[in-house]
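# Understanding the architecture of this molecule
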Amino acid sequence: MTALTESMNWGTELWDQYDNLSIHTLKGIDFLEKYGHFVRDRATIESEYAYKLRRLVKSYQPKKKDEEDYQFTSCMAFKILMNEINDLAGQHEVVAEDLQANVIKELTALVKDLREERKKQLQEGSRLSQTLQNQIESLQRAKKAYDKAFKEAEKAIEGFQKADADFNLSRAEVEKHRTSMAQKTQACDQAKNEYAVQLQQTNQLQKQHFRSGLPEVFRQLQELDEKRIKNIKNFIRSSVDIERNVFPIINKCLDGILKAADIINEKEDTLLVIEKYKSGFQPPEDFPFEDLSKGGSDSGSSNNLNNIQLGGKIKDGGYTVKGTITGKVIKKRAGIFNIFGSRGLTEVCMAIKNAAIADAKDDLSDLPPNQRRKKLQQKMDEIKLKISQESAAREGLMKMKGVYEGNPALGDPRTIESQLNECSHRLEKLQQDLVRYQGYLDEVIRGNQNNSATGSPRLTNGASRSHRNSGGSAADDDSLSSRSASDSSVANPTLNHNKRSAPGTPQLHHGCSNSPESGLGTSHTSLHHADSDQDQYDGNHGDPESEYYEADMLPAIGICRALYPFEATSEGSIRMSIDEELHLVETDQGDGWTRVRRMNGEFEEGFVPTTYIETSVFNT
């Protein structure tokens, strides 16, 4: 069957199917081009799929604020899964690129070559057919001339025979017919010879046309078509090989996703939740029994049940679980706070809260003990890493300096001195930070040990660790000392301006950020009070330790003039117009803000930028 198939070809079997072969080869090349379009579209789909996979992974990447949640095994597994999906997208990109380079490019070139080759062969076939057709036409013309000459010769012979048999004709007329017969006969013989020559040439050309010329053209077309079909087969195989080559990597990606699923551990995640949110406080103790029949009971203790909120927060004069001061620790103060009004008092409370948060940023004392310990440890680890980097940099600079000193041609050692000094300064600062954070960490550890020993909740915000009730229990010594120091500073303005308050006392600009909120929030005249406490206390019957009077306002120590207009955009600051004169209440303490008071008779006090005013201090 194979030998029979090989012996059969278009040149012998389809010698008379020139037009059909022309149409067939054209359809075959069009089909190859169509397959090329299919592969191109397939590559485009692979590329778009890879792009959409990458966009999907990018859109689900953890945000900076959510990075802390990715310590859980389920979140870690999801992150690994996204990385594997990203790798899968890369493999689809590889498929698209290889299809484009190894299939589409070659296929496009092949289609172009096949079209040109087909055109060339068809032109050759047309030339051969036209040559044969011309020869056949020449044969037909020779045959027609021979037929005409033969008929004329027969007519001339017949005329001569009649003339020769007719005795009435003269001899001259008979000779005339003889001559005409000879000429016609000769012309007929020439036409016959020409016809024979044309016939021989036509038969030879026709034989060559159908035995060698046209079969060669058809053979070329057959090879062209076989090449097309064979390359379609090769292109399909190449496409499969391209896709098969990425399967091992895709399988590895899928195996990686399975491994990511295997690392998910529900028990470990639940323990991480404990580690993440554990405050380190002990549960509250039992409520004491209060016998109202006995005299001299603590009037404030009857409301202890109302002083506890769900979630472990203490109300009405205490601290929250995080250890921050609530808005009701300090009772209503008469005098200066009444001038502010309800809105001004709210601003003061917010300023104090912001100042407390600003003070706690450095030592992280606003966090629960356990969380504070973790954050401090992280800070220390970061500092240690920076110290190691700076140490390595300094060692490199030292080596470079030694090389320069050994060979001055390489460089000047003095150029390294400034870099060494900067590096030493950075190392010194990092060492100081490390010691400082180590002290904070030791404080947390000691606090945890005390908590374990006493079994009672402890707060680590650097201020009072218990709240004061209405009766003034002995547990409020820290709070009392802090407040009494604050009251004394208000009562004695000179003392307030000449020295700082004792540690733990609210004070102006001490340990706060460079903002009017922080300065006012920690000022000795800016203390919290709650609107709900106004019904319990008034200006005449309040706690003498928790009340201020208008007469106790800080006196003006000078006058200042506004050089530029200033709009109060934050709590604790006040607005001023250009060239406006104000009383100078307290000078800049190093944070860039000065405390002033309006001179229009109305009490409006706050902070303005020091660079915006020109001050003149009274001579004392």
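Details of the structure are given in the entry above.
The helix and strand inventory of the chain stands at 12 helices and 5 strands. Sorting the 620 residues of the chain into buried and exposed places 36% on the buried side. Long-range contacts, defined here as pairs at least 24 residues apart, represent 70% of the contacts in the chain between residues at least 6 apart. Summing over all exposed atoms, the chain offers an accessible surface of approximately 37700 Å²; the carbon and sulfur share of this is 52%.

What the rule picks out here adds up to 9 aromatic pairs. Measuring from centroid to centroid gives 5.7 Å for Y437 and Y440, while their planes differ by 85°, and the two rings are edge-to-face. In this pair, Y437 and Y440 are both assigned in helix α9 (residues 414-454), 3 residues apart and thus about one turn of the helix distant. We note that Y437, like Y440, is buried.

If you look at the biggest cluster of nonpolar residues, it comprises 29 residues, and the most contacted ones within it are L32, L99 and F235. By residue number, the principal contributor to this core is helix α4 (residues 73-165), which donates 13 residues. The contact partners of L32, leaving out residues within four places of it in the chain, are L107, L110, V111, L114, R228, I232 and F235.

For the rest of this paragraph, the subject is the sheet that holds strand β5 (residues 613-617). Taking strand neighbours across the sheet as the criterion, the 5 strands line up as β4-β3-β2-β1-β5 in an open arrangement whose pairing is antiparallel. In this open sheet, the two edge strands, each paired with only one partner strand, are β4 (605-609) and β5. Within the sheet, the average angular offset between the axes of one strand and its neighbour, ignoring direction, is 40°. Bridge count between strand β2 (residues 581-586) and strand β3 (residues 593-598): 4 bridges; the pairing is antiparallel. Residue L584 lies in a different strand from β3, and its bridge partner there is V596.

Residues L56, Y60, F78 and L81 make up a contiguous nonpolar surface patch of roughly 360 Å² in combined accessible area. With respect to the helices and strands, the residue F78 is situated in helix α4.

Take the pairing of strand β1 (residues 558-562) next. Remark: a regular strand shows side chains that alternate across the two faces of the sheet. Burial along β1 is one-sided: G558, C560 and A562 are buried, while I559 and R561, pointing the other way, are not. Where β1 meets β2, 4 bridges bridge the pair, whose relative direction is antiparallel. Residue G558 lies in a different strand from β2, and its bridge partner there is L584.

Among the 5 residues that make up β4, 5 are buried, leaving the element largely enclosed by the rest of the structure. As judged from the 5 bridges shared by β3 and β4, these two strands associate in the antiparallel manner. From the neighbouring strand, R595 faces β4, where its bridge partner is F607.

Here we take up the packing of helix α3 (residues 18-59) against helix α5 (residues 171-262). Between α3 and α5, whose axes approach to 11 Å, the crossing angle comes to 15°. By the angle class used here, α3 and α5 are roughly parallel. As α3 runs across α5, the sense of the crossing is left-handed. For the pair formed by α3 and α5, the contact residues are Y18, L21, H24, T25, G28, I29, F31, L32, Y35 and R42 on the first element and L214, F218, L221, L224, D225, R228, I232, F235, I236, S239 and E243 on the second. Counted by class, the contact of α3 with α5 contains 13 nonpolar, 4 polar and 4 charged residues.

Two elements in contact, α3 and α4, have axes whose closest approach is 8 Å; the angle formed by their N-to-C orientations is 165°. Compared by their axis directions, α3 and α4 come out roughly antiparallel. Crossing geometry of α3 relative to α4 is assigned as left-handed.

Thresholds, definitions, all that
- Residues numbered from 1 in each chain as written.
- Predicted model: local features only at pLDDT ≥ 70, side-chain atom pairs only at ≥ 80, totals over all residues.
- Heavy atoms only, no water.
- Helix = DSSP H or I, 4+ residues; strand = E, 2+ residues; numbered from the N terminus.
- Buried < 20%, exposed > 50% of the residue type's maximum accessible area, 1.4 Å probe, protein only.
- Contact = heavy atoms within 4.5 Å.
- Areas by Shrake-Rupley, 256 points an atom, 1.4 Å probe, with all protein chains shown as cover.
- Phe/Tyr/Trp six-rings, centres within 6.5 Å; stacked < 30°, edge-to-face > 60°.
- Core = buried A, V, L, I, M, F, W, Y, C linked by side-chain atoms within 4.5 Å.
- Pairing = 2+ DSSP bridges.
- Axes fitted to C-alpha atoms, helices over the stretch in contact; angles between N-to-C directions.
- Patch = residues over 30% accessible without salt bridge, like charges linked within 9 Å, V, L, I, M, F, W, Y side chains within 5 Å.
- Salt bridge = Lys/Arg side-chain N within 4 Å of Asp/Glu carboxyl O.
- Parallel < 35°, antiparallel > 145°, perpendicular 65-115°, else oblique.
- Left-handed = near helix turned anticlockwise from the far one by under 90°.
- Nonpolar A, V, L, I, M, F, W, Y, C, P; charged D, E, K, R; others polar.

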